[in-house]
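Residue-level structural notes
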Amino acid sequence: MSATPRRVENLHTDKGKVPVYATGIVEQPWDDYSADDHATWATLYARQREVLAGRASDEFIQAQDAMGMTPDRIPRFADLNEVLRDATGWTLIGVEGLLPELDFFDHLANRRFPVTWWIRRPDQVDYIEEPDLFHDLFGHVPLLMNPVFADYMEAYGRGGVKAHGIGPEALQNLTRLYWYTVEFGLIRQKDGLRIYGSGIVSSKGESLHSLESAAPNRIGFDLERIMRTRYRIDTYQKTYFVIDSFEQLMDATRPDFTPIYARLARQDSIPAGTVLDGDKVYQRGSGEGWASDGDV
Ligand code: HBI
Ligand code: FE
């Protein structure tokens, strides 16, 4: 067994937090996880499953159970890969932390999902600034069992590789799409709004905030609206976008985005907390009705 890889975390400088990018692929050092590591997984897993009952989308809960994830101990990537590969052809690879965007997109385009090999320390249980094993494994991996979402993630990766070749503005537009769907997306079920975004499902506070707080906007999915909307990474989101289904998400990514990027380049970006005329605004936790300024 090679030596345990080192944790790669954001650098805290006098200019604030600077993300550190590492591109290496590492074997999951499963035998090196400490009792604290497994206890952190168990605590977070049990707590989140309790919070997510009635709040996470049905697909998320079904997928996580189908994967055979449990709170007992940190899952082995090799075990999950057997189930995941059969279901949708995706496999997990161990990484040290955040990857440069092109590396990340290339992995997604080849149905490889990068999972950080290390889990947060016990004192970081309530908040950690960068994606750790819990965020990636508990938050991102289950929905890769869902065939439509699995297709969306591959299509997203392919789009990311293309956007990277077009330029920084196209990349920014596309990164916003990832942020407001894969990381912080809500989905409408007949019994109400539910969470599917990984950044929400892996956070107790945001799981409650996203559905029950009066503060954030909840706006119906609109591709170009999302691609224009700015976001912050260090606070709860001011706006969540709501899809009707993963098919809607997959359909939205079918067209070639090049003309969309060209159109967006001529438009201003939208501050995160803004509501525009014509936005489909959902009330908190609502399932059926939505009201918009232009509603008749
Ligand atoms: N790297 N390991 C890892 N995990 C991510 O979720 C990730 C990343 N690099 C870039 C990134 N996400 C976002 O900028 C995406 O929007 C591309
Ligand atoms: Fe993430």
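Residues numbered from 1 in each chain as written. Chains lettered and ligands numbered in written order. Predicted model: local features only at pLDDT ≥ 70, side-chain atom pairs only at ≥ 80, totals over all residues. Heavy atoms only, no water.

Any aromatic ring pair is given by two values, namely how distant the centres are and how the planes are angled relative to each other. Scanning the entire structure with this criterion turns up 20 aromatic pairs. Relative to Tyr-156, the ring of Phe-105 lies with its centre 5.8 Å away and its plane at 55 degrees, an arrangement referred to as tilted. You can see Phe-105 sitting in helix 4 (residues 101-109) and its partner Tyr-156 sitting in helix 6 (residues 147-166), a full 51 residues away along the chain. Classification of Tyr-156 as buried rests on a relative accessible area of 2%. Aromatic pair Phe-134 and Phe-138: ring centres 4.7 Å apart, planes at 20 degrees, arrangement stacked. Of the two residues, Phe-134 and Phe-138 are both situated in helix 5 (residues 133-140); the distance of four residues between them amounts to about one turn of the helix. A single burial state applies to Phe-134 and to Phe-138, both of which are buried. Chaining the aromatic ring pairs together yields one cluster made of Phe-104, Phe-105, Phe-113, Phe-149, Tyr-152, Tyr-156, Tyr-178, Tyr-196 and Phe-246. (Phe/Tyr/Trp six-rings, centres within 6.5 Å; stacked < 30°, edge-to-face > 60°. Helix = DSSP H or I, 4+ residues; strand = E, 2+ residues; numbered from the N terminus. Buried < 20%, exposed > 50% of the residue type's maximum accessible area, 1.4 Å probe, protein only.)

Looking now at the sheet that holds strand 4 (residues 91-95). Strand order in this open sheet of three strands is 3-4-5, and the pairing throughout is mixed. Each end of this open sheet is capped by a strand with a single partner; those strands are strand 3 (25-26) and strand 5 (112-116). Pairing of strand 3 with strand 4, which is carried by two bridges, proceeds in the antiparallel orientation. Residue pairing for strand 4: Ile-25 is matched across the bridge by Val-95. Sitting on the sheet, helix 4 touches strand 3, strand 4 and strand 5, and the angle it makes with strand 5 is about 130 degrees. (Pairing = 2+ DSSP bridges. Contact = heavy atoms within 4.5 Å. Axes fitted to C-alpha atoms, helices over the stretch in contact; angles between N-to-C directions.)

Here the focus is the side chain of His-38. Within the secondary structure, His-38 is located in helix 1 (residues 35-52). Classification of His-38 as buried rests on a relative accessible area of 16%. The contacts of His-38, once residues within four sequence positions are left out, are Trp-30, Tyr-33, Arg-73 and Ile-74.

A separate point is the environment of Ile-200. Secondary-structure assignment places Ile-200 in helix 8 (residues 198-201). As a C-alpha pair, Ile-200 and His-135 span 65 residues in sequence and 9.4 Å in three-dimensional space. Excluding its chain neighbours within four sequence positions, the residues that come into contact with Ile-200 are Gln-48, Glu-183, Phe-184, Gly-185, Leu-186, Ile-195, Glu-206, Ser-207, Ser-210 and Tyr-240.

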